[in-house]
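Results of the structural survey
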Amino acid sequence: MSFDRTRSSKERAESPLSAAILAGRWIRSAAVDDGHGRWWRANPDPRGRSAVTPESWSLYSGSAGVVLFFLELAAATGHEAYLEDARAGARRLAATWRRQGDLSLYHGLTGVMIALMEAGWALGEESFEVEARAVADLIVERRREIGGGVGWSPDPAQRGDGGIVLGLLRAAAHLGVPAYEQAAVEAGLRIARLPVPGHRFGDCADLPVDAVTPGFLAGTAGTAFLLARLYGITGETRFLRAARSGADFVREISTVTGACALVPHHVPQARTLHYLGFCSGSAGVARMFYELHQVSGDPGDLDWVERLARGIVKAGVPYRHSEGFWNTACQCCGTAGLIELFVGLWAATGRPAHLDFARTLAGHLVGRASGHDGRGYRWYQAYRRLRPEEVSADTGYMVGAAGIGTSLLHLDAAGQADRPRWVILLPDNPFPAIPIPAAVLRPVDEREHGDR
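Residues numbered from 1 in each chain as written. Predicted model: local features only at pLDDT ≥ 70, side-chain atom pairs only at ≥ 80, totals over all residues. Heavy atoms only, no water.

Where an unreviewed UniProt entry is consulted, the chain appears under the name Lantibiotic modifying-like protein, with the organism given as Nonomuraea muscovyensis.

Rendered as structure tokens:
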């Protein structure tokens, strides 16, 4: 059955994979080659404007995210040409990263480091991993004393020091450098001492100065996720206590109806504004509870993951738009981020309803793609909720076609027990890297024995 009945058979994308291929076609039309390698314009449409401030290097909207997408597209299709796209992008990142000053995960050098590590491993090019190690060394060197501890900024959330710590933990494991983990743990100790982790006042655009955000990228849930990760690595109970403090706060302010839960965007002013996406809503907060479940084994945490998932379904997604789920398709705050959640939940639990809902989301997402000019698929959206008249399409990972295509590739990989493949998950994604339930991957005789 087609995912998209609104287009002619000639234009129709028959599967998540073919839709991701068409997204890759449009991203390729944005390629710009220079003496250092390749980067991609944020929006190649004639007179097109990006939804965000252009960041040609970043994981959020620039080359680092696009490189990851092409690596995954090559793995899904077996086409070497996509590896060449990724290689050209990684080459430019390796040559130009020293021009950047931002150290964060999504907008700075930590994200560039992740892309270089993944490219080095997938392409077998040691030079990319050498540059990734140089980035990590620089990040460690730039630590400073902050509030009785060490870190890089006053912001403990994922958009700040939290994302940097997660990146260093990934680098320590990938590159085999224990000093990176040590630096990450030291920075985490400062964050663990903060009251109700993740709270910052008056530092979010368009929010009241006394607003408190419980969400993932800029709030409590993302910081509690980090602290749970540090507990799983170190066994230090102070990290678990701090993570529990954050999780308890999120539970306390959430709206619970029966078996469903929704999280307010900020309190105390907007208790009824419930974002559903990754950055500030249920899809991101669910990651925090799942990470806590993994490191502590508490079934109550997994129950909250399911409560948040049911809240998303009950909200009428994807057919009903609400104040917290508007005209957005991207990974950050839209449908693609929800696909990541439900594919991850299926991989973690094996519950068919999660995969079925991910397919429903994908069908709607592919159906709203635009490919009218034959240059491939893009998604027009009102990225900023408070500016619904600003509609644009982007190429990047968290805000555009690269991330949307990636979510479709992860769905394509799900359920293929006969040919499971590893997918690239960012450091803040706690779900299985091979999106197939572990029970499916066990030998038949082992499964039969385990079911007795």
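On we go from here.
Given a rise of 1.5 Å per residue, 16 residues ought to cover 22 Å, and the 22 Å separating the end C-alpha atoms of helix 11 (residues 299–314) matches this to within 8%. Taken residue by residue, helix 11 has D301, L302, W304, V305, E306, R307, L308, A309, G311 and I312 as its buried positions. Where helix 11 starts, the residue carrying a side-chain oxygen 2.8 Å from the main-chain nitrogen of G300 turns out to be D298. Downstream of helix 11 by a residue or two, G316 has a phi angle that is positive, lying close to 95°. (Helix = DSSP H or I, 4+ residues; strand = E, 2+ residues; numbered from the N terminus. Expected span 1.5 Å × (residues − 1). Buried < 20%, exposed > 50% of the residue type's maximum accessible area, 1.4 Å probe, protein only. Polar contact = N/O pair within 3.5 Å; in protein donor to acceptor, adjacent residues only side chain to side chain.)

Along the chain, V267 connects to P268 via a cis peptide bond; the corresponding omega equals 5°. For P268, the position within the fold is in the loop between strand 6 (260–262) and helix 10 (282–296). The residue after V317, namely P318, is reached through a cis peptide bond having omega 0°. Relative to the helices and strands, P318 is located in the loop between helix 11 and helix 12 (335–349). With a phi angle near 60°, R47 is a residue other than glycine that sits in the positive phi range. Note that R47 resides in the loop between strand 2 (37–40) and helix 2 (63–77). Of the residues examined, R47 reaches a relative accessible area of 81% and is grouped as exposed.

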